[in-house]
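Geometric and topological summary
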Amino acid sequence: MNLVVEKTGGAGSISTTPIGRCCPTFLPDDRANACQIVSHLLAQGVTRIAHIMGDEWMDASVLRLEGYRQTLQQAGIEIDETLIKQTDWSLNATFNATLELMRLSQPPQAIFCASDWMTLGCYQALATLNISVPNDVLVCGYDDQRIAHQLTPALTSVQLAYNELGRMAVSYLCDGDDTAAHIRLVGKLQVRGSSQRT
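Let me begin by describing the structure that accompanies this report. Here the structure is a predicted model, which is why all the values come from computation and not from measurement. (Residues numbered from 1 in each chain as written. Predicted model: local features only at pLDDT ≥ 70, side-chain atom pairs only at ≥ 80, totals over all residues. Heavy atoms only, no water.)

Further remarks concern unusual backbone geometry. Looking along the chain, the bond that leaves V133 and enters P134 is cis, with omega of 5°. Relative to the helices and strands, P134 is located in the loop between α4 (118-128) and β6 (138-140). The amide bond that connects T152 to the next residue, P153, takes the cis arrangement and shows omega of -5°. For P153, the location among the structural elements is in the loop between α5 (147-150) and β7 (157-159). Unusually for a residue other than glycine, N130 sits at a positive phi of about 60°. Within the fold, N130 resides in the loop between α4 and β6. For N130, a relative accessible area of 71% puts it in the exposed group. (Helix = DSSP H or I, 4+ residues; strand = E, 2+ residues; numbered from the N terminus. Buried < 20%, exposed > 50% of the residue type's maximum accessible area, 1.4 Å probe, protein only.)

Our focus in this paragraph is the sheet that holds β6. In spatial order, the strands read β4-β3-β5-β6; together these four strands make up an open sheet with parallel pairing. Two strands in the sheet have a free side with no partner beyond their single neighbour: β4 (84-86) and β6. Across the sheet, the mean angle from the axis of one strand to that of its neighbour is 15°, orientation sign disregarded. Examined bridge by bridge, strand β3 (residues 49-53) and β4 share three bridges and lie parallel to one another. Paired with H51 across the strands is I84, a residue of β4. Docked against the sheet, α4 engages β3, β5 (110-113) and β6, running at close to 165° with respect to β6. (Pairing = 2+ DSSP bridges. Axes fitted to C-alpha atoms, helices over the stretch in contact; angles between N-to-C directions. Contact = heavy atoms within 4.5 Å.)

Right, let's talk about the pattern of salt bridges for a bit. According to the stated counting rule, one finds six salt bridges in the structure shown. Between R48 and D80 there is a salt bridge, with its nearest N and O atoms 3.2 Å apart. Of this pair, R48 sits in the loop between α1 (30-43) and β3 while D80 is found in the loop between α2 (59-74) and β4, placing the two residues 32 residues apart along the sequence. For R48, a relative accessible area of 18% translates into the label buried. (Salt bridge = Lys/Arg side-chain N within 4 Å of Asp/Glu carboxyl O.)

A two-sided burial pattern is seen for β5, the buried positions comprising A110 and F112 on one face and I111 and C113 on the other. Bridge count for β5 against β6 is three bridges, and the pairing is parallel. From the neighbouring strand, I111 faces β6, where its bridge partner is V139. This β-α-β element, β5 to α4 to β6, shows right-handed connectivity. (Right-handed = clockwise from strand over helix to strand, strands pointing away.)

With 41 residues, the main nonpolar core has L41, I49, Y68, I111, F112 and L126 as its most contacted residues. Breaking this core down by element, the ones donating at least two residues are α1, β3, α2, α3 (91-102), β5, α4, β6 and α5. In terms of residues, this core owes the most to one element, α4, which gives five residues. Those residues in contact with F112, other than ones at most four positions away along the chain, are A34, I37, V38, L41, A50, H51, I52, R64, Y68, C140, G141 and Y142. (Core = buried A, V, L, I, M, F, W, Y, C linked by side-chain atoms within 4.5 Å.)

To continue, consider the side chain of S61. Examined against the element boundaries, S61 turns out to sit in helix α2. Accessibility expressed as a relative area gives 1% for S61, which makes it buried. In this structure the side chain of S61 is engaged in a polar contact, spanning 2.9 Å, whose partner is the backbone oxygen of D55. Sequence-distant contacts of S61, that is, excluding residues within four places in its chain, are made with M53, G54, D55 and W89. (Polar contact = N/O pair within 3.5 Å; in protein donor to acceptor, adjacent residues only side chain to side chain.)

Turning next to the packing of α3 against α4. Between α3 and α4, the least distance of the axes is 7 Å, while the angle of their chain directions is 45°. Between α3 and α4, the angle falls in the class oblique. Once α3 is placed against α4, the crossing between them reads as right-handed. The segment α3 lies against α4, with L91, T94, F95, T98, L99 and M102 engaging M118, L120, G121, C122, Q124, A125, L126 and T128. Of the residues belonging to the contact of α3 with α4, the class tally is nine nonpolar, five polar and no charged. (Parallel < 35°, antiparallel > 145°, perpendicular 65-115°, else oblique. Left-handed = near helix turned anticlockwise from the far one by under 90°. Nonpolar A, V, L, I, M, F, W, Y, C, P; charged D, E, K, R; others polar.)

Right, dumping it as structure tokens:
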């Protein structure tokens, strides 16, 4: 696991990223994880990558979108706003967003859904249109839930480091540290059939 530590207060500081919170936080690195997904899709030779995001008021949604944008920009790919669809995380909203994307004059070659559960709606919409995953379009999810293994084809996703984050949080509390630690862990990309053409 890669580790990003932001520790403020006390005698010194590690990292300088402003967070604006006085309480300790132990979270997945949503931006870096999204970068992993988009980088993987780019490595498959696709450039028109869509992102179906969750509620825009949520930090997780914003950070995943930032990671998506950042990776495309670093690859020299202009952001196409028509390929970004904001939803409420629901299957129905994801279903409709997928239909809208695939009916564009230039549909995406790959779709990055902001959660694994959202990909259920994505898969259903693609099946309705007789579009094959991964032969016609690549699909990736996020958070590596059990459903990722049960879908056909199995879903590429990012496994989040919740167990390690929990251990770190418990250790922090047991140590009685009076500083405000802000820790984000980068997860592990789990590549499966949904994002690999045979």
